[in-house]
Amino acid sequence: MQIVYEYGLLPPSVGQDVVIQQIRAAHNYYNELIAIERARREAYQQTMLQVGDIAALAAEVDVLDAQKEAGRAEIQAMKGSSGLPADIKTKRKALQAVIAVLKEKRATLKELKREQRENPQIKAQLVAQQETALEKGRAARKASGVYWGTYLCIEAAVQQACKNPAPPEFHRWTGEGMVGVHIQGKDMPALDVFHPNGTVWMRPVPDAAFDPTVPKGQRKKLSRTVLTMRVQSDDKRNPIWAEWPMILHRPFPKGADIKWVKVFCTKHADWVRWTVQFTLGVPEVAVATGTKMVGIDLGWRKQGMDLRAAYWHDTEGKSGEFRLPASIQERAEKADEIRGYRDRDLDALKVALLALLKAAPLPDEVKQCAVGLHASKSFSRFVTLWKRYKAVLPPAAEDLLRVWYHRDRHLWQYETGLRASFILDRREQFRLFALRLAKGYDALALEDFNLPRVIEKPKPESEGEKPKAPHQRVLVAPGILRSTIESTARREGKLAHRVPCPGTTTKHFDCGFDEPWSPEERKALMHPCGGCGVVFDQDANAARNILALGVALQSQGAVPTRSVARKPKWAKRHKVAAVVVPVTP
């Protein structure tokens, strides 16, 4: 089992220039691999269009796809302008007919392409294209100048990006990135990291740094150390080191082995944050054999000033709820409010600045930089205009930009700090709740619902209802909460079952009566049963149904699906390798 331990770092005290150079080189290497993959996909498409039937059908699909997007945009415009329901319904029916034809054409095109791939001549061309891409990837790696531990991380990131059928996107340079080392061969025992070696090591930390009987201030001083990591080699293959001051605020688990060490540089507003992540291999914990189980219903619902994120019910009849406190929510809401101030300030700046620029003679380069400013929502464009051309701007325009910049910079830092604080505190609340569940029960049961499908907005051609309370869902982050519960359970040796979700909310646990609910009934917390007339809390009812399904799975000896390794869906879809990353020699 692998776990990740993260620690904070100060900026590099040794080798900072080399680290920044490696981060920039890794960024360039990533974009080069993405360019190679996009070129390979383009060559693949051109090869598949060599047959006349496929080319003609692909053109028809493009035309129908354009009609579909135009129809959706027209319906959305009619909704925004309060169009008549009858007109919208007519347009929706016409759009549904176009989509039906489009699906049929796409299915035919897919089948023709499948047959085309079986053609020996076409297959040979595809293999040649793949070999060419791999050769370009090897050349890009050699020319990148990226150290081997870091380029392995970059290649893994490219593989992940290429899993999507859509063309992978390039990354814009922001100054963020990472450097890393991979422990080759036999893993490094965690305690060996306190002894100098050829890859990564730290200065020893005394045991008193983790002794709870020692005062906290003294423990913090004792836990100070320095992380030393190899980030590059010179011409003679001698190591080039970088050092980061750090605080080892918690010890490594007993029996852990170090597999990866990655140092990340991230930006929050205009300040830089350094962190290090140790990927550790730890022994598997024996799975608990008890029968004490809890069913957990995840969701998002306003309860007073708090947000209910989960309701649980166990086999002993005990129940409870987990709420996200209002004190944590207020930080995210305050950050949204500050972002509103920044947007309004930017709109006011555009009006005043453009009036000043039109009334004054400007150099051609300033005019070129000011093109499209009236429609720009990028704060950085106005910062660039001020910093780069403030010497040639009209004095009034320069003063306006300077005052706006300093106010916006303060608000930007304030907004980013609030969001970071909210995310960290929410994560800690999730971690503690998950730990209480994992420590208190032998098995857990959760709904196996597809969260992206639940929150997906209905298409203009459909009449589905919109997802409820999207802002509350973002605050609660049920997907993060579920993954936190499952990973904590696995680390503690507890089973986390996923049970089918249909009917867990609408079916009354006591009498078994089930009926469809209207959108208004789903919004209400308390629901009267149509069978027995009892009014029940729908979240509590769902938790009891989930528990019953989990107990049934447990009695059948079922293994949680997430504990079984499975082949990615994208690997099943693609017949030709879709990842252009050089193979490690």
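Residues numbered from 1 in each chain as written. Predicted model: local features only at pLDDT ≥ 70, side-chain atom pairs only at ≥ 80, totals over all residues. Heavy atoms only, no water.

**Student:** Where do I start with the overall build of the protein in this structure?
**Tutor:** A count of helical and extended segments in the protein gives 16 helices and 15 strands. When the backbone C-alpha atoms are referred to their principal axes, the protein occupies close to 80 × 75 × 65 Å. Counting every position in the protein, which comprises 585 residues, the buried fraction comes to 40%. Considering only residue pairs separated by 6 or more positions, the protein has 72% of its internal contacts joining residues 24 or more positions apart. In the structure as shown, the protein presents an accessible area of about 32,200 Å², 55% of it carried by carbon and sulfur atoms. The protein carries 91 positive and 67 negative side-chain charges, and their two centres are separated by 2 Å. (Helix = DSSP H or I, 4+ residues; strand = E, 2+ residues; numbered from the N terminus. Buried < 20%, exposed > 50% of the residue type's maximum accessible area, 1.4 Å probe, protein only. Contact = heavy atoms within 4.5 Å. Areas by Shrake-Rupley, 256 points an atom, 1.4 Å probe, with all protein chains shown as cover. Lys, Arg positive; Asp, Glu negative; His and termini not counted. Charge placed at Lys NZ, Arg CZ, Asp CG, Glu CD.)

**Student:** Help me understand the nonpolar core, please; the structure alone is not making it clear to me.
**Tutor:** One recurring pattern in soluble globular proteins is that nonpolar side chains are buried together. Counting 56 residues, the largest nonpolar core has Leu-227, Trp-244, Phe-252 and Phe-278 as its most contacted members. Here the element with the most residues in this core is helix α1 (residues 16–48); it accounts for 9 residues. If you look at the next biggest cluster of nonpolar residues, it comprises 29 residues, including Ile-328, Ala-332, Leu-444 and Leu-446. (Core = buried A, V, L, I, M, F, W, Y, C linked by side-chain atoms within 4.5 Å.)

**Student:** Help me out: how do you make sense of the sheet that holds strand β11 (residues 319–324) in this one?
**Tutor:** The strands making up a sheet associate through backbone hydrogen bonding, with each pair oriented either parallel or antiparallel. Here we have 5 strands laid out as an open sheet, ordered β11-β10-β9-β12-β13, and mixed in their pairing. Either end of the sheet is taken by a strand with one partner, and the two such strands are β11 and β13 (495–499). Strand-to-strand, the axes of this sheet are offset by a mean angle of 30°, without reference to chain direction. When strand β9 (residues 293–303) meets strand β10 (residues 306–314), the two strands line up antiparallel, connected through 8 bridges. Within β10, the position partnered with Gln-303 by the bridge is Asp-306. The strands touched by helix α10 (residues 395–440) within the sheet are β9, β10, β11 and β12 (443–447), with β11 carrying the most contacts at an inclination of about 165°. Set on the sheet, helix α15 (residues 538–555) makes contact with β9, β10, β12 and β13; between it and β9 the angle comes to about 155°. (Pairing = 2+ DSSP bridges. Axes fitted to C-alpha atoms, helices over the stretch in contact; angles between N-to-C directions.)

**Student:** Explain the pattern of salt bridges here, please?
**Tutor:** Should their charged atoms come close, side chains of opposite charge can pair. One pass over the full model with this rule turns up 36 salt bridges. Salt-bridge contacts for Glu-111 lead to Arg-114; the nearest nitrogen and oxygen are separated by 2.5 Å. Of the two residues, Glu-111 and Arg-114 both sit in helix α3 (residues 85–117), 3 residues apart, roughly one turn of that helix. A relative accessible area of 35% means that Glu-111 is categorised as partly exposed. (Salt bridge = Lys/Arg side-chain N within 4 Å of Asp/Glu carboxyl O.)

It is worth stressing that arrangement in space is one thing and function is another; only the former is reported here.
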